[in-house]
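# Structural overview
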Amino acid sequence: MAKSGATFKTCISEFERLSSNIRAQSYKPIYLLMGEEGYFIDALAEQIAESVLGEVERSFCQTIIYGKDTSGGDIVDLARQLPMMGERQVIIVREAQQMPGFDVLASYAAQPSKSTILVLCYKKEKGVDKRLSVYKHIASVGEILESVRPRDYEMKDWLRGFIERRGMSMERKGVDMIVDHVGTDISKISNELDKLLVALPKGTRTITPDHIEEHIGISKEFNVYELNRAIMSRDAGRALTIADHMARNPKANPLVVIIISLFHQFKQVFILNYYKWLTRQKGQPMPSDVELCRTLGLPSPFFVGEVKSAAALYPNKVTFKILGIIREYDARSKGMETGGVENGELLREMILKILTAN
C-alpha cells in the first residue's frame, strides 16, 4: 500500500513490489492505481490484464470500461456477478476519476467478491481523498499505488534502471541526450526505448549516442546536452552553432525543454557558489562532494566536478542575471511580449544574452 506523501522513489519501490507479486500470481481483490504519472498506472493495469486470465477466458471474464461511460453503482453490480467461466473475472476501470459515484465503491470494498479482481485507474494529481471510507476500505483489503511524476534530477537514475532491467546499459551521454530531449515524460521515453531496443542489432549490450541518433532521431552533436556543455564551459562558438541548428528545427527542439534544462543547470551553479561564499565569508566548511551531490540532485558525486568548473566561470553576480534572462525567455516562449518573434529566434537571443552576461 502506498504511504502518505509518496515520492517518486517510493512510487518506484511500490510499483516493483506490485509487479513482482502479479508475476507470482499473488493477487488482491482491488487495486487503486492513482496519481499524476500515468505510466505506472497503465503498466500495472496492463500486467494484470495479461496475467490473471488466459487468452480464451479474457473474452468472457475480462471487462475494460471507462469512467465516463459507467458509474460507481454499475461497477458494484458488475463486480458482484459471478464469472461466466473459470474462477475469476477481471474488471479494469480506466479514467476512473471521471466516474460519477466513485464513493459508492466503499460498500463493495468493505466486502469485495472473492471471484473478482477490480482495477481502478484514477489519473488525477491528488488521487482519491485518503480521508474517505472508500480509500480506507481499499487500503485494508487491496493495494494502492500512488503514482508520482519524477523531478528532472530523478529521471536519469530511473532511465539507467529501466535499461539495466532489460539486461543492457547506456552510455552517459546517451542518457543525457534522451532526458534532456524528452524531459520527464516517462511514457514517451518508454515508448521510444521500446522501439529502440527492437531496432538494435542482435547481441547489442550497450546503447550508444549513435544508436539514439539513428533510431530515435536525436542528434548526437546538436542537442540540449551538448548545448548545456558548451554554455557551461563558455564555448560561445560551439553554443551558438548548436543554437542555430536547433533554431532551424524548433519542433524537434522545443524551447520550453531547453529553458527548463538551462534553468536547472544554472540553479546548481548558484547553489554551489553560495556554499563557496559561506566558506569564505562565514568560515563554514565546504560540503563534501557526496553532500553536494545530494543537495544538487546529481546522480553521482562524479558530476560535482562539472558543476564546480562551471561555477568558476559563472560567479553568482553573473548567474543571478542569467537566471533572470532564462525567466524572461520562459515568459516570452509562452507568448508574453514576443512581438511576433518565433521560438527559434528567441533561442538565439537567449543564448547570446547568457554568454555575454557579466
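Reference entry: report on the structure contained in this document. Throughout, residues of each chain are indexed from 1 in the direction in which the sequence is written. In keeping with the predicted nature of the model, local features appear solely for residues at pLDDT of at least 70, side-chain atom pairs appear and are counted solely at 80 or more, and the whole-chain, interface and lining totals rest on all residues. Water and hydrogen atoms were dropped before computing side-chain values, which therefore reflect all heavy atoms in the structure.

## Brief notes about the overall build of the chain
By definition, any uninterrupted DSSP run of H or I lasting at least four residues is a helix, any uninterrupted run of E lasting at least two residues is a strand, and each is numbered from the N terminus. Of regular secondary structure, the chain possesses 17 helices and seven strands. If one aligns the C-alpha atoms of the chain with their principal axes, the spans along those axes are about 75 × 50 × 45 Å. A buried classification covers 48% of the 358 residues belonging to the chain. The contact criterion used is simple: two residues touch if any of their non-hydrogen atoms lie within 4.5 Å. In the chain, the share of contacts with a sequence separation of at least 24, taken over all contacts with a separation of at least 6, comes to 76%. In these tables, accessible area is a Shrake-Rupley quantity obtained with a 1.4 Å probe, and a residue counts as shielded only by the protein chains included in the view. Counting only carbon and sulfur atoms, one obtains 51% of the accessible surface of the chain, whose full area is about 18000 Å². Charged residues are defined narrowly, with Lys and Arg counted positive, Asp and Glu counted negative, and His plus the chain ends left uncounted. Charge positions come from single atoms, namely NZ of Lys, CZ of Arg, CG of Asp or CD of Glu. Each charge class in the chain can be summarised by its mean position, and for the 48 positive and 45 negative side chains these summaries are 6 Å apart. Buried means the residue's accessible area, taken with a 1.4 Å probe over protein chains only, is under 20% of the maximum for its type, while exposed means over 50%, and partly exposed covers the values in between.

## Thoughts on the layout of surface pockets
A pocket here means an open set of points on a 1 Å grid, computed over the protein atoms alone, that has protein on both sides within 12 Å along at least five of seven lines. A cavity is instead a set of points where a 1.4 Å probe fits but cannot get out; residues with an atom within 4 Å of a point line either one. Grid points are joined across faces, edges and corners, and a volume is the space filled by probe spheres set on the points. Approximately 830 Å³ is the volume attributed to the largest pocket. What lines the largest pocket is a set of 36 residues, among which K156, D180, N228, S261 and Q265 lie closest to the centre. Listing elements by their share of the lining of the largest pocket, those giving two or more residues are α7 (152-164), α8 (172-182), α11 (224-232), α13 (255-282) and α15 (304-313). Ranked by the residues each element gives to the lining of the largest pocket, the list is headed by α13, at eight residues. All amino acids are sorted into three groups, where Ala, Val, Leu, Ile, Met, Phe, Trp, Tyr, Cys and Pro are nonpolar, Asp, Glu, Lys and Arg are charged, and the leftover types, Gly among them, are polar. In the lining of the largest pocket, the residues fall into 15 nonpolar, 10 polar and 11 charged. Looking at the second largest pocket, its volume works out to about 500 Å³. Lining the second largest pocket are 21 residues, and of these F15, Y39, A43, F162 and R166 sit closest to its centre. Looking at the lining of the second largest pocket, the elements that each hand over two or more residues are α1 (8-23), α2 (38-51), α7 and α9 (186-199). Per element, the largest residue contribution to the lining of the second largest pocket is eight residues, and it comes from α2.

## A short note on the sheet that holds strand β1 (residues 30-35)
Here, any two strands with at least 2 DSSP bridges between them count as paired. With parallel pairing, five strands are arranged side by side in an open sheet as β2-β3-β4-β1-β5. In this open sheet, the two strands that pair with only one neighbour each are β2 (62-66) and β5 (143-147). Between one strand axis and the next, the sheet turns by 10° as a mean value, whatever way the strands run. Summarising the sheet, β1 and strand β4 (residues 116-122) pair through five bridges and their orientation is parallel. Directly across from L32, in β4, lies its bridge partner L120. Here an axis means a line fitted to C-alpha atoms, over the contact stretch when the element is a helix, while the angle between two N-to-C directions is reported on a 0 to 180 degree scale. Of the strands in this sheet, β1 and β5 are in contact with α1, which crosses β5 at around 140°.

## Quick notes on a nonpolar patch on the surface
A cluster of nonpolar residues, V56, F60, M84 and M85, forms a patch on the protein surface that exposes about 430 Å² of accessible area. Assignment of secondary structure puts M84 in the loop between α4 (72-80) and β3 (89-94). To count toward a patch, a residue needs a relative accessible area above 30% and no salt bridge. Like charges then connect within 9 Å, nonpolar side chains (Val, Leu, Ile, Met, Phe, Trp, Tyr) within 5 Å. Definition used for salt bridges: Asp or Glu carboxyl oxygen within 4 Å of a side-chain nitrogen of Lys or Arg.

## Observations concerning the pattern of salt bridges
Under the definition given, this model contains 26 salt bridges. With its nearest N and O atoms 3.7 Å apart, the salt bridge here joins K28 to E143. Pair noted here: K28 is in the loop between α1 and β1 and E143 is in strand β5, with a separation of 115 residues, a long-range link. The exposure class assigned to E143 is buried, which follows from its relative accessible area of 6%.

## Thoughts on the packing of aromatic side chains
Only rings of Phe, Tyr and Trp enter the pairing, Trp through its six-membered ring, and a pair is recorded when the two centres are within 6.5 Å. The plane angle decides the type: under 30 degrees is stacked, over 60 is edge-to-face, the rest tilted. Counted by the stated rule, this structure contains 11 aromatic pairs. For the ring pair F8 and F40, a centre distance of 6.1 Å and an interplane angle of 55° mean the geometry is tilted. Of this pair, F8 sits in helix α1 while F40 sits in helix α2, and the two are 32 residues apart along the sequence. Across this residue pair, the class does not change: F8 and F40 are buried.

## Here we look at the environment of V256
Mapping V256 onto the fold places it in helix α13. Under the relative-accessibility criterion, V256 is labelled partly exposed at 39%. In sequence terms V256 and N343 are 87 residues apart; their C-alpha atoms lie 9.4 Å from each other.

## Things to note about unusual backbone geometry
Of note in this structure, Q25 is not a glycine but carries a positive phi near 60°. Topologically, Q25 is positioned in the loop between α1 and β1. Of note, E95 is a non-glycine position whose phi angle comes to about 50°, a positive value. Summarising the element assignment, E95 is placed in the loop between β3 and α5 (105-110).

## Here's the deal with helix α6 (residues 133-141)
Taken residue by residue, α6 has V134, Y135, I138 and A139 as its buried positions. The buried side chains of α6 occupy one side of the element, clustering within an arc of 130° when seen end-on. Residues of α6 that are exposed and angled more than 90 degrees away from the buried face: K136 and S140. Among the structural elements, β1, α5, β4 and β5 are those in contact with the buried residues of α6. This arc describes the spread of directions from the helix axis toward the C-beta atoms.

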